[in-house]
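Residue-level structure breakdown
As a plain string of letters, each chain reads:
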Amino acid sequence: MPSSVTANSESSPVVAPQEMDVSYGSRSVRRASDPGYTRVAVHDREEIEEVDTVINVDDLLRSRQFTSDGAPERSLAGEEYGNRTCSERQDSVRSLTEEVQHIASETSLITRLSLTLLRFLGFDLFLPTGGHKPRPAVIFVTGGAWVIGYKAWGALLARQLAERNIIVACIDYRNFPQGSVSDMVSDVSRGIGHLCQNIGDPNIGGDPNKIYLVGQSAGAHLGACALLLQAEKQITDGTAGLTWISSQIKAYVALSGGYNLRNLMEHFDRRGLYKSLFLRIMKDEEGLTRFSPECIVRSPSFRDAVALLPPITLVHGTADYSIPYEASVEFGETLKSVGATVSTLLYPGKTHTDLFLQDPMRGGKIDMLTDILAVIHADDEEEQALDAAMTRPRMVPECLLQFARWVSPF
């Protein structure tokens with residue numbers, strides 16, 4: 001069975017067997033066992049900051065209510081408020097001010113810690129067991145409607161690929177509202193760059209000449225954006241300063257993605273991803289165009305970058321009601337029209353989650369997995385023969401899979 005490892009881009013302290021801390025940045029934040037403190041770890045140095053008991057602001061303000069002229073309001077508490085001297089009232093106002101300032105300070109601390117946690121982006125690394133030769137590596141970008149994406153969503157596919165002697169890194173990225181689409185694409189690009197630079201490390205054992213990019217749903221969109229925009233940067237700015245170039249990706253496989261956001265906005269609105277929210281995720285109307293892979297490819301400024309793209313495979317189920325399969329068909333046609341190498345695979349009757357969840361859990365011969373392996377092992381006849389004979393055991397009873405398909409919002 002493959003081992004699951006969580007890796008750090010700068011340092012890799014082992015926190016559990018076959019697990020490492022995760023961060024593209026250099027800071028980490030975690031809550032200490034004592035609930036009265038917040039522990040902040042910066043590299044190898046730890047600082048302890050005391051956090052006082054949280055104060056209920058409403059109770060505090062109700063206990064000290066004053067009129068506009070500074071006199072206390074009369075209340076059911078009795079005449080003691082009316083008998084206060086001016087000095088007492090001033091002391092009370094001063095105390096209230098200090099307490100509110102303390103609350104503001106605590107709020108600022110919590111906000112800073114939250115922002116630091118947002119930098120805690122990384123990847124889960126799945127390593128095959130056995131064998132010594134450099135292995136192919138897949139960089140996987142998970143879906144999640146740009147709101148609930150998480151690297152762990154790729155664990156099922158990653159384990160299946162690792163059993164076929166393939167390294168898989170499931171990378172993470174910020175979700176809305178922690179970040180907008182530009183932040184997500186930037187996070188994905190940083191993750192790709194880090195892995196391209198380090199996949200050949202002897203502790204990982206990857207083949208730098210066999211790196212594949214795979215994305216699913218929103219991850220297919222973000223992966224396509226990262227790939228296309230990186231190729232565009234190579235043309236406009238050159239390769240100096242880039243952490244990776246598009247030619248390092250041997251092939252891109254996009255599963256059930258959406259590639260023209262402007263055309264899909266009304267569909268998403270009907271499905272519950274409301275237009276007002278979607279525009280905030282994409283920043284504005286301009287973002288719908290800037291971060292639509294189909295629009296990027298159609299732009300005249302992109303024509304010189306087409307030759308830098310790797311072969312692209314678009315995969316979609318025809319019963320997908322989350323993102324219509326026409327999204328992949330139209331993107332494929334757009335890519336072909338500018339001379340890119342692309343193939344589009346449609347699975348009759350498959351929904352958005354059938355390909356990625358229900359079918360793998362159902363076991364047997366999994367079409368999507370077979371097609372991904374065909375891309376990765378295109379130059380290896382021995383591995384192709386093993387792929388053709390591969391079947392998976394059933395993981396879940398059929399009645400539960402049908403129920404999951406019925407209740408799934410995707």
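Chains are numbered independently. Their residues run from 1 in the order of the written sequence. Where totals are concerned, whole chains, interfaces and linings use all residues; where local detail is concerned, this predicted model gives features only for residues with pLDDT of at least 70, and gives and counts side-chain atom pairs only at 80 or more. Working from all heavy atoms in the structure, the side-chain values ignore hydrogens and water.

Within an unreviewed UniProt entry, the label attached to the protein reads protein-S-isoprenylcysteine alpha-carbonyl methylesterase, and the organism entered is Physcomitrium patens. One UniProt comment on the protein, placed under Sequence similarities (unreviewed entry), says "Belongs to the AB hydrolase superfamily. Isoprenylcysteine methylesterase family." Recorded under Subcellular location (unreviewed entry), the UniProt text for the protein is reproduced unchanged: "Golgi apparatus membrane". UniProt positions are given in the numbering used here, feature names are shortened, and annotations may be inferred rather than shown by experiment.

Another point: the nonpolar core. Only buried residues count toward a nonpolar core, which is a set of Ala, Val, Leu, Ile, Met, Phe, Trp, Tyr and Cys residues joined through side-chain atoms within 4.5 Å. Burial here depends on accessible area, computed with a 1.4 Å probe over protein chains only, as a share of the maximum for the residue type. Under 20% is buried, over 50% is exposed, and the range in between is partly exposed. In this structure, W146, I192, F278 and L335 are the most contacted members of the largest nonpolar core, which totals 63 residues. Helix and strand labels come from DSSP, where a helix needs a run of H or I of at least four residues and a strand needs a run of E of at least two; each type is numbered from the N terminus. Looking at this core, the element that brings in the most residues is helix α5 (residues 218-237), giving ten residues. Core analysis: the next-biggest nonpolar cluster, separate from the first, contains 26 residues, F140, L161, L255 and V315 among them.

Turning to helix α6 (residues 261-271), a few remarks are in order. The α-helix advances 3.6 residues per turn, and as a result positions three or four apart in sequence lie on the same side. Those residues of α6 not exposed but buried are L261, L264, M265, H267 and F268. By the convention used here, residues are in contact when the closest approach between their heavy atoms is within 4.5 Å. Of the surrounding secondary structure, the elements contacted by the buried residues of α6 are α5, α7 (275-281) and α8 (285-290). Trailing α6 by a residue or two, G272 shows a phi angle of about 110°, which is positive.

Positionally, E383 belongs in helix α13 (residues 381-388). Among the residues examined, E383 registers a relative accessible area of 12% and is labelled buried. E383 has contacts with R164 and H377, leaving out every residue within four places of it along the chain.

Each salt bridge in this description consists of a side-chain nitrogen of Lys or Arg and a carboxyl oxygen of Asp or Glu lying within 4 Å of one another. On inspection of all chains with the given rule, the structure shows 16 salt bridges. Residues R262 and E285 are paired through a salt bridge, measuring 2.9 Å at the closest nitrogen-oxygen approach. Taken together, the residues R262 in helix α6 and E285 in helix α8 connect sequence positions 23 residues apart. We classify E285 as partly exposed; its relative accessible area is 40%. Here R394 makes a salt bridge to E398, at a shortest N to O gap of 3.3 Å. With relative accessibility at 45%, the residue R394 sits in the partly exposed group. Salt bridges sharing partners connect three or more residues here, namely K350, D359, R362, R394 and E398.

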